[in-house]
Amino acid sequence: VGQLLELARTENIVPHMEHVDFSHLVDGEILPFESVAFEKGLVLSSNVTSGIVVEGNSVQLKQLVSILLDNAIRHSKGGNAVYLSLSREHGYALLSVVNKGDKIPEEQLEKIFDRFYRVDKARARTKGGNGLGLSIAKQLVENYKGRILAESVVGQGTIFRIFIPIAKTEDK
């Protein structure tokens, strides 16, 4: 219920926007997930470029990073790594999260951002979640005039790429 309310809020309420040090925020969101990854037999590694500032809402941006990390850890297989990176790319902050879980079939990649959609219906309850996290993430990214993309490649895993415009005073 809470996630449904959050989704409705992201669609209908314009949050207070400010310059947010996205690099610092991402670094802070990684820390709580390190123990979660460790308990599952995963290594959580990151490469965060410092000084990336975006125009946004820090609460929502934290939620976005948390959704992506939680999703990556939940769908990874033990013994692998979850990798997060943040960099600048052509006026955008590029946040990438990679997990080494099962490949998502191409025809299902388009649907993973739909509400309540789960790739593997048979095991959905055992992995937790309710199919709302990625739709909330997509809505948040779109609210910031950004893009979210997903790609799944055998041997490389599933890669989520989020592009959020860098704040105007920070364009480089």
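This text goes with the structure placed above it.
Quick summary incoming for the structure in this document. (Residues numbered from 1 in each chain as written. Predicted model: local features only at pLDDT ≥ 70, side-chain atom pairs only at ≥ 80, totals over all residues. Heavy atoms only, no water.)

Remarks on the overall build of the protein chain
And then number 1: Summing up its helical and strand segments, the protein chain has six helices and seven strands in all.
And then number 2: Going residue by residue from the N terminus, the α and β elements of the protein chain occur as α-β-α-β-β-α-β-β-α-α-α-β-β.
And then number 3: When contacts within the protein chain are restricted to residue pairs at least 6 apart in sequence, long-range pairs at least 24 apart make up 71% of them.
And then number 4: Entry remark: accessible area of the protein chain is about 9100 Å², with carbon and sulfur atoms responsible for 53%. (Helix = DSSP H or I, 4+ residues; strand = E, 2+ residues; numbered from the N terminus. Contact = heavy atoms within 4.5 Å. Areas by Shrake-Rupley, 256 points an atom, 1.4 Å probe, with all protein chains shown as cover.)

Let's talk about the pairing of strand E7 (residues 157-165)
And then number 1: With seven of its nine residues buried, E7 lies for the most part within the structure.
And then number 2: Where strand E5 (residues 92-99) and E7 come together, eight bridges link them in antiparallel fashion. Looking across to E7, one finds that Val97 is bridged to Phe160.
And then number 3: Here strand E6 (residues 147-153) pairs with E7 via seven bridges, running antiparallel. Looking at the pairing, Ala150 lines up with Phe160 of E7.
And then number 4: If you look at the hairpin formed by E6 and E7, you'll find three residues sitting between the two strands, and Gly155 has a positive phi there, around 90 degrees. (Buried < 20%, exposed > 50% of the residue type's maximum accessible area, 1.4 Å probe, protein only. Pairing = 2+ DSSP bridges.)

Considerations on helix H3 (residues 58-75)
And then number 1: With 18 residues, H3 extends 26 Å from end C-alpha to end C-alpha; this agrees with the ideal 26 Å at 1.5 Å per step.
And then number 2: Residues of H3 that are buried: Gln60, Leu61, Leu64, Val65, Ser66, Ile67, Leu68, Leu69, Asn71, Ala72 and Ile73.
And then number 3: Its side-chain oxygen at 3.1 Å from the backbone nitrogen of Val59, Asn57 defines the N-terminal cap of H3. (Expected span 1.5 Å × (residues − 1). Polar contact = N/O pair within 3.5 Å; in protein donor to acceptor, adjacent residues only side chain to side chain.)

Describing the nonpolar core
And then number 1: Ranked by size, the top nonpolar core spans 42 residues in total, and within it Phe22, Val26, Leu68, Leu84, Leu95 and Ile162 carry the most contacts.
And then number 2: At the level of elements, helix H2 (22-39), strand E2 (43-48), H3, strand E4 (81-89), E5, helix H6 (133-143) and E7 are the ones that each hand at least two residues to this core.
And then number 3: What Leu95 contacts, discounting residues up to four positions off in sequence, is Phe22, Val26, Val65, Leu68, Leu84, Ser85, Leu86, Phe160, Arg161 and Ile162. (Core = buried A, V, L, I, M, F, W, Y, C linked by side-chain atoms within 4.5 Å.)

Examining the environment of Lys77
And then number 1: Counting through the fold element by element, Lys77 comes out in the loop between H3 and E4.
And then number 2: Residue classification places Lys77 among the partly exposed positions, given a relative accessible area of 44%.
And then number 3: Taking C-alpha positions, Lys77 is 8.5 Å from Asn99, a pair spaced 22 residues apart along the chain.
And then number 4: Those residues within four positions of Lys77 in sequence are excluded, and the remaining contacts are Leu42, Lys100, Gly101 and Asp102.
And then number 5: A polar side-chain atom of Lys77 sits 2.6 Å from a polar atom in the side chain of Asp102.

Observations regarding H6
Along an α-helix, residues three or four positions apart point the same way, because every turn accommodates 3.6 residues.
And then number 1: Burial within H6 is extensive, with eight of its 11 residues counted as buried.
And then number 2: Among all positions in H6, only Gly133, Leu134, Ser135, Ile136, Ala137, Gln139, Leu140 and Val141 are buried.
And then number 3: In the segment just after H6, Lys145 is the residue with positive phi, at about 60 degrees.

Describing the packing of H3 against H6
If you want to describe how two helices pack, look at the angle between their axes and the distance between the axes.
And then number 1: One way to put it is that H3 packs onto H6 with a least axis distance of 9 Å and a crossing angle of 145 degrees. As H3 packs across H6, the resulting crossing turns out to be left-handed. When H3 is examined against H6, the residues Gln60, Gln63, Leu64, Ile67, Leu68 and Asn71 are found in contact with a partner set consisting of Gly133, Leu134, Ile136, Ala137, Leu140 and Val141.
And then number 2: Residue composition of the contact of H3 with H6, by class: eight nonpolar, four polar and no charged. (Axes fitted to C-alpha atoms, helices over the stretch in contact; angles between N-to-C directions. Left-handed = near helix turned anticlockwise from the far one by under 90°. Nonpolar A, V, L, I, M, F, W, Y, C, P; charged D, E, K, R; others polar.)

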